[in-house]
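Chain and residue survey
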Amino acid sequence: MKYFGLIWSNAWRKKIRTSLTILSVFVAFLLFALLSAVGYAFGVGANFADAERLIVINKITLINPLPIAYQNRIAATPGVRSVTHNTWFGGYYQDERNQFAQFPVDPEEYFSVYSELVLPDEQFEAWRKNRTGAIVGQALADQYGWEVGDRIPIQATIWTKADGGRSWEFDIEGIFSSKTAGAGATTFMLFQYDYFDEARAFGNGTIGWYVLRVDPDADPVQVADAIDQQFANSANETETSTEEAFAASFAKQYGDIGLIVRLILAAVFFTLLLVAGNTMSQSVRERISELAVLKTLGFTDMSVLWTVLAEALLILAIGAILGLGVGWLAVEGLNSQFGTQVPLYLTPMAFVTAFVIMVVAGILSGIMPALQAMRLTITDALARG
Amino acid sequence: MSKPLAKLQGVSRVYQKGKERVEVLHDIDVEIPEGDFIAIMGPSGSGKTTLLNLLGGLDKPDAGTVVVGDAELSSMSNSQLSHWRATHVGFIFQFYNLLPVLTAQKNVELPLLLTRFSSKERAERAAIALDIVGLADRAKHYPRELSGGQEQRVAIARAIVSDPTLLLCDEPTGDLDRETADEILKLLQILNKEHGKTIVMVTHDAQAAEYANRTLLVDKGKLGFKAAA
Amino acid sequence: MKSIRQILAVTLLNLRNLPKRVAASVVAVIGVAAVVMVFSAVLSMATGFERTMTAAGADDTAVILRSGSTAELNSGLSNEQALIVANAPGVLKDGDQPVISAELYVIVDLEKKATGTEANVPFRGVQESAFAVRNNIGIVEGRMFEPGKNEIIVGRAAQQEFRGLELDSVIRFGKNEWSVVGVFEAGGGVSESELWTDVRVLQGAYRRGNSFQSVRVRLESVDSIGALREALEADPRIDPDVSTEREYYSEQSEALSTFIKVIGYPLTILMSIGAIFGALNTMYSSVSVRGKEIATLRALGFGPLPVMVSTIIESTLLALIGGLIGSVAAFLIFNGFQVSTLNFANFSQVVFDFAVTPDLIRQGLVAALVIGVVGGLFPAIRAARMPVALALREL
């Protein structure tokens, strides 16, 4: 730590050069933050996956419905603690651009399976008692300025009503939050399945998919097999998987977005390393005689190596911290604007990754000049200077 | 004459220059008494600087032994030599070799980073050293803001700050005008007489050599003391 | 004239000792190359996707859906409603038969060859005139399916992207088995991502009774869309959305291609800024390395302008070399690279190729040029302003 003053002074030997290098590092980490947040949006389902939850879908595809009659048989399967069902409503609010997720559900069952959702008891009761009641997530309510007591129309793209209408009206009875961190945790709306099933023009008696919670001591894989076997060779065969596997395979439908993001970042950081490495070696080349003086004064080869390496790390760290900081602010800002469509979020893991990249990039960019500085022989260097 | 501080016995140093073998020093024996002020003179390429580097543990002989104080430099490792230099010897160069990115004060403190002193103690000691060389009022200045003579004084302060017994000077006045050079040489004399530093100074300025107690002549790898004037 | 000769002389001098500064120059070149490559790669995804979606869109074909359904998947039309469309004005007739195809659109799970994961692939039931209502479409291998049989024809892109669609193979969806009897191409359009069969067979297999999801009609002319729309919207028995095929597909592609562009352009701008910093660094050090040479030239009587211009020329040249490398690399690596993604509107896969178009290459080179000029400008100003006497003494 006592070398810090020396390292700091050396780093700012050429202010323009160091500032430019820090700025390129800044840009690289800003991009890292933004692209990580976008990557999060594509895998958002997996972020809320619960190992004890299973998803039961129609074996043909997710969009083929299942009969509501399956619910009791699934509930009776050994190892199943609670079951609820979901259906994709696919509506929008006022404008086609305002799409967000709505699900007709059974209130009690839904909350027993999705135990991470938090809703005040009196709001839950009010929702349960109101056939046309709905509850919305906090992020959704914030975006559209909804409050409890509002009556909102949702335009259906799939589910026309029996009377031919496409506009479904709901009373907001509650606003829920989630114990799970991360954008996208509260960007959907729930309403009563009973109302939905009676009012829709077609598809009555079916649901989209089942979600169930297994007993803590049950083996999820065995439970999944048992469910699928029950419905084998029936008109609607099922495919049961863990929520996590389901979310992961759904994310893959978009193509390998993660791979593309990683390729871009690799290109960015490769360039960054070149810039930073070049700066460091220029800087070392300029002060060969100074390094020799340090050694003359009694600095060992190793401590000279460390001062150069630490300087590279310092430059990387300043740029990285600034880049991540601004990136984080940008992600938060964008999320409050567009979060219900594209939930953007910087996970703690992203910060850890950034830290590791920072250290590795610092070492890679500093190691060659540092070794050069370490191997310097005093007599040669002084004679040259 | 007091006991020798440094003793070179049978020292040879050979450089390989391309295909040519250059023997810079050949079988040298020399003793430097503690508290002495010796000037080394000789033509370019005669081995003056090599001799100085050997005394400072910057270079090792191909044959013979170099002993300074209790330390046998010729048999020490590079990192042992580094630690030894930090406390036993101070260097003064022709071009001062201050770090341009540090203030005078911080330049002087540099060798103390290798000690256990606290930052407060380091600052105090550096201030004393700057005071000795008469630059207490220039502590906050960067090297580019100082004159050549002042830079050399800072370099001298840096050389003495860790209180070494031996000061090695390589053409300390080579880049200075006469008047400034005389001031620097007087300062070295004071350090020798009042602070008891043993000084070895390479120079090819005969007037500079006169400030020393004795002059050692080096030519074609051989030594000889100049008769006292 | 004189200054142009000076500029030339100084520039040549600069370039001649470029090899001495090779490391820093290479860094600048690679920096620009990386920017241009990432730019071309990301944007070629958007252009490729758009091209696929619009290749399918004709102006003289109309798509009729149930009102408000936004996509075929969500739509539903009865047999009676399909007949109303067939007899509506503006529909082209072949003899006395209207050229229309009432179609069913379902989704099946197939394995993506690239990732080995399941993907939603569109499976379309069509009528005999399906080929007549579309442009640019035809069987390229095998034969057409026979009506009433469990036979399918597959799009070329789907066949390349998904497993199990080889000619003459048999594939199983749910309880039904289907034989692949033909392969069709559609000018690289979105139809090539689909599997087709006889709509009557598909209705049976998926228990859809006698219902459809969309009706496609060939119009008498491009202008007939208005008449058709008016007639259908006035008919109380049907509540339709009428659009041309081009409108239908461009609306569907808008969300994704906008998304890619919203990411791609800021990404490029940010990366370019990073590359400008790299170029500035390189050029500043180039100027300081050449300090003595520049000062000598100035002492000999060269003006500040040639010194400045030559520095900008050097950085622009380096940036353009980088830009070319980046473009060529992007073209070689990405052009024609086939991927598929989920088109959320229809909840099904669209297979498309990355398209590194001449326009994209032009844009990439413009970015390189900007980087080069900006990256050279400030160091050039410094070079021109360098005090001659000081620079001579320092070095």
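Residues numbered from 1 in each chain as written. Chains lettered and ligands numbered in written order. Predicted model: local features only at pLDDT ≥ 70, side-chain atom pairs only at ≥ 80, totals over all residues.

In this section: the interface of chain B and chain A. Size of an interface: often given as the accessible area lost when the parts come together. Counting residues at the interface gives 20 residues for chain B and 19 residues for chain A. Taken together, the residues of the side of chain B that touches chain A sort by class into 10 nonpolar, seven polar and three charged. (Contact = placed C-beta atoms within 7 Å. Nonpolar A, V, L, I, M, F, W, Y, C, P; charged D, E, K, R; others polar.)

The next subject is the interface of chain C and chain A. Counting from both sides, the interface comprises 39 residues of chain C and, opposite them, 38 residues of chain A. Counting residues per element, the ones that place at least two in the side of chain C that touches chain A are helix H2 (22–55), strand E4 (100–111), strand E5 (118–126), helix H8 (245–289) and strand E13 (338–343) of chain C. No other element matches H8(C), which puts 12 residues into the side of chain C that touches chain A. Tallied by class, residues from the side of chain C that touches chain A come to 22 nonpolar, 15 polar and two charged. (Helix = DSSP H or I, 4+ residues; strand = E, 2+ residues; numbered from the N terminus.)

This part covers the sheet that holds strand E5 (residues 71–72) of chain B. Across a sheet, paired strands are connected by hydrogen bonds in the backbone, their directions being either parallel or antiparallel. Residues and elements named next belong to chain B. Taken in spatial order, the four strands make up an open sheet running E2-E1-E4-E5, and their pairing is antiparallel. In this open sheet, the two edge strands, each paired with only one partner strand, are strand E2 (20–33) and E5. The pairing of strand E1 (residues 4–17) with E2 spans 10 bridges and is antiparallel. Each residue of the ladder has a partner; that of Arg13, found in E2, is Leu25. Sitting on the sheet, helix H1 (residues 48–55) touches E1, E2 and strand E4 (63–68), and the angle it makes with E1 is about 125°. (Pairing = 2+ DSSP bridges. Axes fitted to C-alpha atoms, helices over the stretch in contact; angles between N-to-C directions.)

All names here are of chain C. For the pair H2 and H8, the least separation of the axes is 8 Å and the interaxial angle reads 175°. Classed by the angle they form, the pair H2 and H8 counts as roughly antiparallel. Looking at the contact of H2 with H8, its residues break down into 21 nonpolar, 14 polar and three charged. (Parallel < 35°, antiparallel > 145°, perpendicular 65-115°, else oblique.)

Attention now goes to the arrangement of the chains. Ranking by contact count across two pairs of chains in contact places chains A and C at the top. One finds no contact linking chain B with chain C; the least C-alpha distance across the pair is 12 Å.

Residue and element names in this part refer to chain B. Structurally, Leu52 is set in helix H1. Residue Leu52 is classed as buried on the basis of its C-beta count, with 20 C-beta atoms lying within 10 Å. Among residues more than four places away in sequence, those in contact with Leu52 are Leu168, Asp170, Val200 and Val202. (Buried ≥ 20, exposed ≤ 12 C-beta atoms within 10 Å, placed from the backbone.)

Residue and element names in this part refer to chain A. According to the domain assignment, chain A contains domain 1 (4–44 + 256–384) and domain 2 (47–252). The C-alpha centroid of domain 2 is placed 46 Å from the C-alpha centroid of domain 1. Across the side of domain 1 that touches domain 2, the residue classes tally to six nonpolar, six polar and no charged. (Domains from an automatic or database assignment.)

With that settled, consider the pairing of strand E12 (residues 209–214) of chain A. Residue and element names in this part refer to chain A. Taken across its six residues, E12 has six buried, putting it largely inside the fold. Going residue by residue along E12, you find Trp209, Val211 and Arg213 tucked away on one face and Tyr210, Leu212 and Val214 tucked away on the opposite face as well. Of the pairings in the sheet, the one linking strand E1 (residues 53–58) to E12 comprises four bridges and is antiparallel in character. When the sheet's bridge partners are listed, Leu54 is paired in E12 with Leu212. As defined by bridge partners, strand E3 (residues 80–86) adjoins E12 across six bridges and the pair is classed as antiparallel. Bridge pairing in E12 links Val83 to Leu212.

All names here are of chain A. Taken together, the buried positions of helix H1 (residues 4–11) are Leu6, Asn10 and Ala11. Buried positions in H1, seen along its axis, are confined to an arc of 130° and lie on one side of it. For H1, the secondary structure elements touched by its buried residues are helix H2 (15–42) and helix H13 (301–338). (Arc of directions from axis to C-beta.)

On to the pairing of strand E8 (residues 198–202) of chain B. Residue and element names in this part refer to chain B. Counted residue by residue, E8 has five buried out of five residues, so it is predominantly covered. Here E8 shows no split at all, with Thr198, Val200 and Val202 on one side and Ile199 and Met201 on the other all buried. Summarising the sheet, strand E3 (residues 37–41) and E8 pair through four bridges and their orientation is parallel. Bridging across to E8, Ile38 finds its partner in Val200.

Residue and element names in this part refer to chain B. Inspection of the secondary structure assignment puts Lys7 in strand E1. The exposure class of Lys7 is partly exposed, given the 18 C-beta atoms found within 10 Å. Placed 22 residues apart in sequence, Lys7 and Asp29 show a C-alpha to C-alpha distance of 7.6 Å. If we ignore the near neighbours within four places in the chain, the residues touching Lys7 are Glu31 and Val67.

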